[in-house]
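# What the coordinates show
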Amino acid sequence: MDTTSFDKTKTAIDGPMHASLRHDSAHKHVTGSAEYIDDIPEPAGLVHGALGLADRAHAEIVSMDLSEVEATPGVLWVMTGKDMPGENDISSGGRHDEPLLAETKVEFHGQPIFAVFAETRDIARKAARKAKITYKDLPHFTDIDTAIENGGALVIDPMTLKRGDAKIEMDVASRRLTGTMRIGGQEHFYLESHIAMAVPGEDDEVTLWSSTQHPSEIQHIVSHILQVPSNAVTVQVRRMGGGFGGKETQGNQFAALCAIAAKKLNRAVKIRPDRDEDMTATGKRHDFRVDYELGFDEEGRIHAVDATYAARCGFSSDLSGPVTDRALFHADSSYFYPHVHLTSRPLKTHTVSNTAFRGFGGPQGMLGAERFIEEIAYAVGKDPLDIRKLNFYGETGSGRTTTPYHQEVEDNIIARIVEELETSSDYRARREAIIEFNKTSQVIRKGIALTPVKFGISFTMTAFNQAGALVHIYNDGSIHLNHGGTEMGQGLYTKVAQVVADAFQVDIGRVKITATTTGKVPNTSATAASSGTDLNGMAAYDAARQIRERLIKFAAENWKVPEEEVVFLPNRVRIGLEEIAFNDFIKKAYFARVQLSAAGFYKTPKIHWDRAAGRGTPFYYFAYGAACSEVSIDTLTGEYLMERTDILHDVGKSLNPAIDIGQIEGAFVQGMGWLTTEELWWDGKGRLRTHAPSTYKIPLASDRPKSFNVRLAEWAENAEPTIGRSKAVGEPPFMLAISVLEALSMAVASIADYKVCPRLDAPATPERVLMAVERLKKV
């Protein structure tokens, strides 16, 4: 493992920004002492809930006999859709299209119809299976093709991006081609499944512990369904055992059920579905079908792109609108399209509503773009990397900087990133060696690919680009930090604590990182869109800045020195010629009645977006990266091995190189799983059959590349004034895994002497690789 990017230098304080510190809970994760919701000591009289799930994909509920469920010893209450205090709706976008419990009709196999609350979890789960429900079956369709064949109903209005005239330019282009790419979905497979616990309070109050990336949304949904104001609902999140977007909206149903039952029974209530129920009843990454037409010249330069991005969205809208929008935002990948017309098609299907997943539609859009490049490369007989470089966005003033959504790319460093990786990975020589190897190898074929990443950072819903934070300094010099971001293992808490420690020049051990709660910081945005550190780090800095300015003013007035002579040094403060320990300085400030608490706030500047017009500046900046991957495939079985991956990634001026490299490694492996082994499959009755580890295959540690070299672009620095000039790291590296699919494609293409684009769909399971090999043998 290449760890040369880690900054191992010691500094005067333990934990400033830009230092490689361990995750604050790393030792707890590996020893099992990190406390998750199911580890919290259970309140006396805790009630356990379980879901009653539909066993039809699309049907009317004719009758529902729950008498045996209710008669089960230990069952306290059986909740149905008719028992809602308020509206039976948990839709996140306010479209009122997602009931908490289905009442008259079910729209996917596994949809919750009722909930059982009992003295033990085992009793509740067993009782839930005793329901007798009569259905009237209705026609169902579970995939993109059948949805289109059945009228193509949409869950939300589509979006179109266009610039120039793609139709006219397509007609005059010297070369053109059409094609279709199918891109599979993905299960989040967080180690901690969804879970919620509610404790009733006096009057209308309720406190919830929820494994959620969006505590304020849980607060809003619960207050809405209980018909109480938001100030009566408090949501707390110390940490999640993984989220990846799957806990942005999908925790709503579990929290709402717990809250209703807690207020009804006046007892604490907890719901923890098992893995099968979690995978069946919660949303996933959207499947896509990309239909495209390309116009290009003999050199391989793109002239026009016309593409439609159809997505399997499920029975309700959830986040499908912004997900399919972001797919279009990234349908250009790193490439300039002179003339372009892109359309989304968010299709309704009789499956669970799909939701956010790391990259949020961006990976699907970007994967389609890399297929465009691959198609052109095979059509003109060139190395795909040369076609990539030929079509990259240009520098400012080149006339090649305008995206399909009319934002100017002003911070473009992709060419430098790719050139550096091309050299350090020895791409050209290795590719030639692979081509020679493939000429003589009968069974094993190899492939190599180098692919770029350009990913826009910001919520495309402008209002979400805001954050708050609360910082207290107690009179003993210890610091309390709270902000609206949630910790799901990504190291957000550590990074923001580094920001505060750096602001006061104190050891990070002095900063107490506390659980996210709606009772301290209100109206928070989801920890999503890779924006957690950008937003919350700046909000925490704003709070620290306010306190620091008060302290400087206090010192200047009391020591009779100019403010510029008050300097924070490691764990002490210099005031004129005198130095005083930080603890003692804070004690003096307290006795002088200096306010040692502040609420910070930050909103991202410069961004705006008009969806109807398809124009604006939805992203504050772009994060860049590139990966070079080499694979070997067995042409007799379709099995393959990851031989080597080299990554060079841009995180600006890293706040914590150790954590950032860990995020890059994890994102790459998760992306590799999406593109190779992770396959969702529904049977003819609309039942998800890949609903457990036995049938759904995430990557193992043994699946990682044999040689895995990850470096940060240490020369990079964010052109925008982000916290510490850093860049987001959560989502962008996920798309580095596209290099794996492209490398597999090259290995398959060797069967037909690289004359035909293999058109390898994702996930490229061994079965798909083998079928592609057999197909190319006939060319």
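Predicted, not measured: the structure shown is a model, and the values here were computed from it.

Our next topic: the overall build of the chain. Along the chain, the regular secondary structure elements total 19 helices and 29 strands. Here the C-alpha atoms of the chain give a radius of gyration of 27 Å, agreeing with the 28 Å that 2.2 N^0.38 yields for 779 residues. The principal-axis extent of the C-alpha atoms belonging to the chain is close to 85 × 80 × 50 Å. In the chain, which comprises 779 residues, the share counted as buried stands at 62%. Taking the contacts inside the chain whose residues are at least 6 apart along the sequence as the reference set, 80% of them involve residues at least 24 apart.

Okay, the pattern of salt bridges next. All told, the structure shown has 54 salt bridges when counted by the stated rule. Arg-611 serves as the salt-bridge partner of Asp-325, at 2.7 Å between the closest nitrogen and oxygen. Of the two residues, Asp-325 is situated in helix H9 (residues 320-329) and Arg-611 in the loop between strand S25 (608-610) and strand S26 (615-617); the sequence distance between them amounts to 286 residues. Residue class for Asp-325 comes out buried when judged on its relative accessible area of 6%. Arg-611 sits in the partly exposed class, given a relative accessible area of 28%. In this structure, Arg-687 engages Asp-683 in a salt bridge whose closest nitrogen and oxygen atoms are separated by 2.7 Å. Judged by relative accessible area, which is 29%, Arg-687 ranks as partly exposed. Members of the salt-bridge network, linked through shared partners, are Asp-383, Asp-386, Lys-389, Glu-422, Arg-428 and Arg-431.

Counting through the fold element by element, Thr-516 comes out in strand S20 (residues 516-517). Each C-alpha atom, one on Thr-516 and one on Phe-591, is 30 Å from the other, the two residues being 75 residues apart in sequence. Residues in contact with Thr-516, not counting those within four places in the same chain, are Pro-215, Val-235, Gln-236, Val-237, Asn-482, His-483, Gly-484, Gly-485, Thr-486 and Tyr-493. In this structure the side chain of Thr-516 is engaged in a polar contact, spanning 2.6 Å, whose partner is the side chain of Tyr-493.

It is worth spelling out the sheet that holds strand S17 (residues 466-473) at this point. Pairing is mixed in the open sheet, where four strands are placed in the order S19-S18-S17-S24. Each edge of the open sheet carries a strand with a single partner, namely strand S19 (511-513) and strand S24 (597-603). Going from strand to strand, the sheet's axes swing by 25° on average, the running direction of each strand aside. Where S17 meets strand S18 (residues 479-483), five bridges bridge the pair, whose relative direction is antiparallel. Looking at S18, one finds that His-472 is bridged to His-480. The strands that helix H15 (residues 532-559) touches are S17, S18 and S24; relative to S24, the one it contacts most, it runs at about 140°.

With that settled, the discussion passes to unusual backbone geometry. Only a minority of non-glycine residues have a phi that is not negative, and only a minority of peptide bonds are not trans. Note that the residue after Ala-762, namely Pro-763, is joined by a cis bond; omega there is 0°. A positive phi angle is found at Lys-560, which is not glycine, with a value near 60°. Checked against the element boundaries, Lys-560 lands in the loop between H15 and strand S21 (566-569). Exposure remark for Lys-560: the relative accessible area of 69% places this residue in the exposed category. Even without glycine at this site, Asn-571 takes up a positive phi of about 60°. You can see Asn-571 is positioned in the loop between S21 and strand S22 (572-575).

What follows covers the side chain of Asp-332. Examined against the element boundaries, Asp-332 turns out to sit in the loop between H9 and strand S15 (339-348). Asp-332 gets classed as buried once you look at its relative accessible area, which sits at 0%. Every residue in contact with Asp-332, bar those within four places of it in the chain, is listed here: Tyr-337, Ala-369, Tyr-393, Thr-403, Pro-404 and Lys-454.

This part is about the confidence of the model for the chain. The predicted model of the chain has a mean per-residue pLDDT of 96, with 98% of residues at 70 or higher. The model gives residues 1-11 a pLDDT under 50, and that stretch makes 21 contacts with residues more than four places away or in other chains.

Okay, the nonpolar core next. Counting 165 residues, the largest nonpolar core has Phe-504, Leu-551, Phe-585 and Phe-668 as the members making the most contacts within it. Sort the elements by how many residues they give to this core and H15 lands first, with 12 residues. Excluding residues within four positions of it along the chain, Leu-551 makes contact with Ile-473, Phe-504, Phe-568, Phe-585, Ile-586, Ala-589, Val-594 and Leu-596. Among the nonpolar cores identified, the runner-up in size contains 34 residues, and Met-79, Leu-100, Ile-225 and Ala-232 belong to it.

Enumeration over the complete set of coordinates arrives at 22 aromatic pairs. Aromatic pair Phe-459 and Phe-464: ring centres 5.6 Å apart, planes at 85°, arrangement edge-to-face. By relative accessible area, which is 37% here, Phe-464 ends up partly exposed. Seen from the ring of Tyr-190, Lys-247 lies directly overhead, with NZ or CZ sitting 4.5 Å from the centre. Its end group placed over the ring of Trp-674, Arg-285 keeps NZ or CZ at 5.1 Å from the ring centre.

What counts and how
- Residues numbered from 1 in each chain as written.
- Predicted model: local features only at pLDDT ≥ 70, side-chain atom pairs only at ≥ 80, totals over all residues.
- Heavy atoms only, no water.
- Helix = DSSP H or I, 4+ residues; strand = E, 2+ residues; numbered from the N terminus.
- Rg over C-alpha atoms; globule rule 2.2 N^0.38 Å.
- Buried < 20%, exposed > 50% of the residue type's maximum accessible area, 1.4 Å probe, protein only.
- Contact = heavy atoms within 4.5 Å.
- Salt bridge = Lys/Arg side-chain N within 4 Å of Asp/Glu carboxyl O.
- Polar contact = N/O pair within 3.5 Å; in protein donor to acceptor, adjacent residues only side chain to side chain.
- Pairing = 2+ DSSP bridges.
- Axes fitted to C-alpha atoms, helices over the stretch in contact; angles between N-to-C directions.
- pLDDT = per-residue confidence, 0-100.
- Core = buried A, V, L, I, M, F, W, Y, C linked by side-chain atoms within 4.5 Å.
- Phe/Tyr/Trp six-rings, centres within 6.5 Å; stacked < 30°, edge-to-face > 60°.
- Lys NZ or Arg CZ within 6 Å of the ring centre and 35° of its normal.

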